Every structure is written in C-alpha cells, then in structure tokens.
Amino acid sequence: MFPNKDTNTGILSGLLIDNSFGPYSNDFIKLMELPLEDVFVWTPEKDDYSKLISVIKPSIHNHNYWKNFGILFKYAMALTSDFESLIDLEYKWITDFDKTKLKKDLIYPELEKYRFDEFTFNYDLKKIYNEGRILNLSYFFENKRLLSELYFNDKFFFAVQHIVSAVSTHWYCHVCELSPPEYRKHPNHDFEKYYEVFALPRLEIAIIQATKAVEGLLGQPGSNKEKRLARWKEVLNIEPEEKFLDTNKSYFNFHAYLVNEIRNKVAHNLKSKPFKVNRKLTIQAQIYAWKLVNDYYGKVIKTDSRKDKLIMNTELESMIKPNLGTKLAAKNKLATTLYKNNSGLIA
C-alpha cells in the first residue's frame with residue numbers, strides 16, 4: 001500500500017503547470033506545506049510542462065482519513081469554476097525520487113511490471129506527464145484562503161464535499177440556472193427522454209447530498225423558531241426572510257422544506273411525480289446548498305481574523321510572470337548558466 005516509508009513521493013497526474021515562473025530543467029521548488037504533505041513543482045526537462053510532486057509524511061497513517069492536496073484542489077477548482085471543472089488528480093507513486101533523473105529512469109512501482117514492455121510503459125508515462133489541465137501557478141496563490149479553509153475548517157470542507165458529490169452525480173448548468181432566461185447560453189439542458197429513467201437515482205442522491213451540506217451548517221430544522229434564527233444568524237449573512245430564487249419561500253423557510261419535504265418525501269418517491277418536476281426540485285436543492293455554503297465562506301473570511309494556516313512559498317509567487325505562460329519557458333540549466341556568465345543577462 002502506498003505511500004509507505006520506502007515510497008512516499010507521488011506525482012500528481014491530471015495537471016500540467018505552465019512555466020510562467022521561468023524554471024530551469026530539474027528545478028524542484030516547494031509550492032506549499034500541508035500538515036501531512038509538502039507539495040513541490042518539478043520541471044523534468046527542457047521544454048516540458050512542470051508537474052506537481054507531493055512528498056507524504058508517515059503520520060498520515062495515524063489519521064482516519066487523509067485530507068490530501070488532490071482533494072483540496074478538486075473542490076477549490078469546482079467552486080471557482082462554477083462546477084465546470086471537476087478534476088480528479090491521481091497520485092502516481094515514485095520510489096527514491098531523484099529530480100535529476102530522466103522521467104523514464106525513475107522507479108514507478110505500479111508500472112514496473114511494464115518496464116520491459118516499452119510500448120505500454122511509454123504510453124503510461126505519457127498519460128502521467130503529458131495529459132491534463134494546463135494551469136498557472138498563480139491559481140494556488142490567488143486561492144490560498146479557499147484552500148486553507150478547505151483544509152482547516154471541517155464544517156466547510158464536508159459541506160463542499162457533499163455539494164461536489166451532488167453535482168458529480170447530477171450535473172446541471174450552474175451559471176445558467178443563476179442567470180435570467182434571456183442571458184442563458186443554453187437554457188434548455190433537459191435530459192433526453194430515454195435517459196430520464198436512468199437519472200432517477202441520480203436525482204435522489206443529489207437531493208440527499210445537497211441536504212447533508214445544509215444540515216452540516218444549520219442542523220435539523222427544529223420546532224423552536226428563535227433557536228433556528230439564532231443559529232442562522234450565527235452561521236450566515238443571508239437575510240433569512242429574503243426570497244429564494246423563484247420559489248414562494250424565504251431562504252429560512254426553504255431549509256425546513258428541503259429537509260422535510262424534498263429530502264424525506266420527494267427523494268424517496270421520485271417515481272410518483274413527473275421527471276421534470278423532480279429535476280427542478282433537485283436543482284433547487286443543489287443551488288440552495290451552494291448559496292448557503294458560499295455565504296458561510298464569505299462570512300468566515302470576513303469575520304475570522306486569524307492568519308491563514310496554509311504555508312506557501314511567497315518567493316515562488318514573486319517569480320511568476322503573467323505574460324510568460326508557454327511550456328517553452330522551461331530552460332536548459334547549463335545553456336542558461338553559460339549565457340548568463342558571458343553576457344550578464346538572464347536568457
């Protein structure tokens with residue numbers, strides 16, 4: 001099982017880092033420190049995209065679960081892209097990682113059985129190093145507080161996890177649903193008729209997950225209205241009597257409607273109502289959960305004066321050049337050094 005004491009380094013597959021920070025080949029620069037892992041950016045060779053490398057601490061095995069960098073990135077990207085980008089990063093393990101070695105010469109324990117099958121081995125390496133979303137390092141610095149809250153604020157993390165689970169199970173266009181009809185890019189994104197029966201369990205799961213996100217913030221809607229309002233105002237900035245979307249309910253009243261009606265009655269009896277009615281309720285549940293979690297995050301970062309606990313390399317941040325974003329920015333270390341010594345300029 002990985003990671004272990006011999007293999008504690010993983011390359012994050014599914015993401016390509018452009019070289020706007022002007023790296024040299026073989027550069028291995030720390031990006032951030034998490035309690036259970038350190039994340040570095042590695043530039044394997046000249047003209048390569050850079051890759052993120054995670055070095056794992058043995059203490060992860062003392063925890064019930066490992067809130068790893070890959071999941072933090074997935075949730076941050078989901079939130080900042082309006083759920084348009086749901087990216088799963090895979091940890092591809094490397095034994096005795098050496099930043100100066102060629103990619104093909106590193107030891108990948110899960111690929112070693114293909115070492116002498118050159119076609120398969122090279123195919124897998126290309127998937128690890130050449131495929132994925134291209135991203136600028138500035139993303140991590142711009143979203144430092146979001147990443148920090150996801151790691152250190154369990155209430156926020158698990159609420160977001162339920163929302164992302166709901167969207168992954170039942171996708172809808174978040175941007176369109178929050179836009180006036182005349183501004184929607186594709187207002188009609190209903191499922192094909194044949195797919196509706198396949199989607200029924202997806203609707204149920206999405207409703208349950210959205211409700212769990214809300215319950216994580218507000219709990220169950222008990223009978224004591226004063227206590228519920230006090231809890232609401234403690235957690236959220238949304239005016240409780242504000243109308244929720246085009247429903248006939250306030251944000252405050254929709255909480256009880258979501259739990260008692262949509263989740264407890266509708267979700268378990270979807271077959272008894274028209275599909276479009278059920279899907280509309282599902283989307284309302286998902287948007288409601290997102291609205292509350294987004295508002296909770298806004299309140300936390302405005303009212304909590306604590307410093308971010310996430311440690312990031314500010315020197316690396318200062319190296320990022322906005323207009324230098326191609327993979328050709330990775331330079332050959334020897335050639336650049338000679339040029340610098342001869343002319344006094346940096347190539």
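Please refer to the structure placed before this passage.
Model, not experiment: these values are computed from the prediction.

Definitions and cut-offs
- Residues numbered from 1 in each chain as written.
- Predicted model: local features only at pLDDT ≥ 70, side-chain atom pairs only at ≥ 80, totals over all residues.
- Heavy atoms only, no water.
- Helix = DSSP H or I, 4+ residues; strand = E, 2+ residues; numbered from the N terminus.
- Buried < 20%, exposed > 50% of the residue type's maximum accessible area, 1.4 Å probe, protein only.
- Contact = heavy atoms within 4.5 Å.
- Areas by Shrake-Rupley, 256 points an atom, 1.4 Å probe, with all protein chains shown as cover.
- Lys, Arg positive; Asp, Glu negative; His and termini not counted.
- Charge placed at Lys NZ, Arg CZ, Asp CG, Glu CD.
- Core = buried A, V, L, I, M, F, W, Y, C linked by side-chain atoms within 4.5 Å.
- Phe/Tyr/Trp six-rings, centres within 6.5 Å; stacked < 30°, edge-to-face > 60°.
- Lys NZ or Arg CZ within 6 Å of the ring centre and 35° of its normal.
- Salt bridge = Lys/Arg side-chain N within 4 Å of Asp/Glu carboxyl O.
- Axes fitted to C-alpha atoms, helices over the stretch in contact; angles between N-to-C directions.
- Parallel < 35°, antiparallel > 145°, perpendicular 65-115°, else oblique.
- Left-handed = near helix turned anticlockwise from the far one by under 90°.
- Nonpolar A, V, L, I, M, F, W, Y, C, P; charged D, E, K, R; others polar.
- Polar contact = N/O pair within 3.5 Å; in protein donor to acceptor, adjacent residues only side chain to side chain.
- Patch = residues over 30% accessible without salt bridge, like charges linked within 9 Å, V, L, I, M, F, W, Y side chains within 5 Å.

A. Broad picture of the overall build of the protein chain. Across its full length, the protein chain holds 12 helices and seven strands. In terms of its C-alpha atoms, the protein chain occupies a principal-axis envelope of roughly 75 × 50 × 50 Å. Of all 347 residues assigned to the protein chain, the portion counted as buried reaches 48%. Partitioning the contacts of the protein chain with sequence separation of at least 6, the portion at a separation of at least 24 is 71%. Per element, the accessible surface of the protein chain, about 18000 Å² overall, is 52% carbon and sulfur. One finds the centroid of the 50 positive side-chain charges in the protein chain at a distance of 3 Å from the centroid of its 44 negative side-chain charges.

B. Representation of the nonpolar core in the model. Judged by nonpolar contacts, the single largest core of 84 residues is most densely connected at Leu31, Met32, Leu52, Phe69, Phe73, Phe140 and Leu292. When residues of this core are assigned to their parent elements, the largest contribution, 13 residues, is made by helix H10 (residues 275-303). The residues contacting Phe69, other than those within four sequence positions of it, are Leu12, Met32, Leu34, Glu37, Val39, Leu52, Leu89, Tyr91 and Phe140. In terms of nonpolar packing, the next biggest core, distinct from the first, is built from 12 residues, Ile11, Ile53, Tyr108 and Leu125 among them.

C. Fine view of the packing of aromatic side chains. Under the definition given, this model contains 29 aromatic pairs. Ring plane angle 45 degrees and centroid distance 5.8 Å describe the contact between Phe69 and Phe140, whose orientation is recorded as tilted. One end of the pair, Phe69, is in helix H1 (residues 69-80); the other, Phe140, is in helix H3 (residues 138-142), with 71 residues separating them in the sequence. For the pair Phe69 and Phe140, a shared accessibility class is recorded, and that class is buried. What links up through ring pairs into an aromatic cluster is the set Phe28, Phe40, Trp42, Phe97 and Tyr129. Lying across the ring of Phe191, Arg279 places its NZ or CZ 4.0 Å from the centre.

D. Representation of the pattern of salt bridges in the model. If you walk through the whole model with that rule in mind, you get 18 salt bridges. Here Asp47 makes a salt bridge to Lys46, at a shortest N to O gap of 3.5 Å. Ionic pairing is found between Asp154 and Lys67, a salt bridge with its closest N-O pair at 2.5 Å. Here Asp154, found in helix H5 (residues 154-169), pairs with Lys67, found in the loop between strand E4 (51-56) and H1; they are 87 residues apart in sequence, far enough to count as distant. Judged by relative accessible area, which is 5%, Lys67 ranks as buried.

E. Region of the structure containing the packing of helix H8 (residues 225-235) against helix H9 (residues 251-266). At a minimum axis separation of 11 Å, H8 and H9 run at an interaxial angle of 110 degrees. If you check the angle between H8 and H9, you find them roughly perpendicular. Pair H8 / H9 crosses with right-handed handedness. Here Lys225, Arg228, Leu229 and Trp232 of H8 come into contact with H9, specifically with Tyr251, Phe252, His255 and Ala256. Residue classes in the contact of H8 with H9 are distributed as five nonpolar, one polar and two charged.

F. Molecular detail of helix H4 (residues 144-152). A large share of H4 lies buried, amounting to seven of its nine residues. Three or more residues of H4 are buried, namely Arg145, Leu146, Leu147, Ser148, Glu149, Leu150 and Tyr151.

G. Spotlight on unusual backbone geometry. Notably, Asn26 is not glycine yet its phi reads approximately 75 degrees, a positive angle. Residue position: Asn26 is located in the loop between strand E1 (9-17) and strand E2 (28-34). Taking relative accessible area as the criterion, Asn26 reaches 22% and is therefore assigned partly exposed. One non-glycine residue, Phe83, adopts positive backbone phi at about 65 degrees. Within the secondary structure layout, Phe83 lies in the loop between H1 and strand E5 (90-94).

H. Quick look at the side chain of Thr282. By the secondary structure assignment, Thr282 is in helix H10. Here the side chain of Thr282 touches Asn278 through a polar contact of 2.8 Å, landing on its backbone oxygen.

I. Up close: a nonpolar patch on the surface. A contiguous nonpolar surface patch, about 390 Å² in accessible area, is contributed by Tyr194, Val197 and Phe198. Turning to its location among the elements, Phe198 is positioned in helix H7 (residues 196-218).

J. Structural context of the environment of Lys5. Mapped onto the elements of the fold, Lys5 is located in the segment before E1. Once the C-alpha coordinates of Lys5 and Lys57 are considered, the two residues, 52 residues apart in sequence, prove to be 8.8 Å apart.

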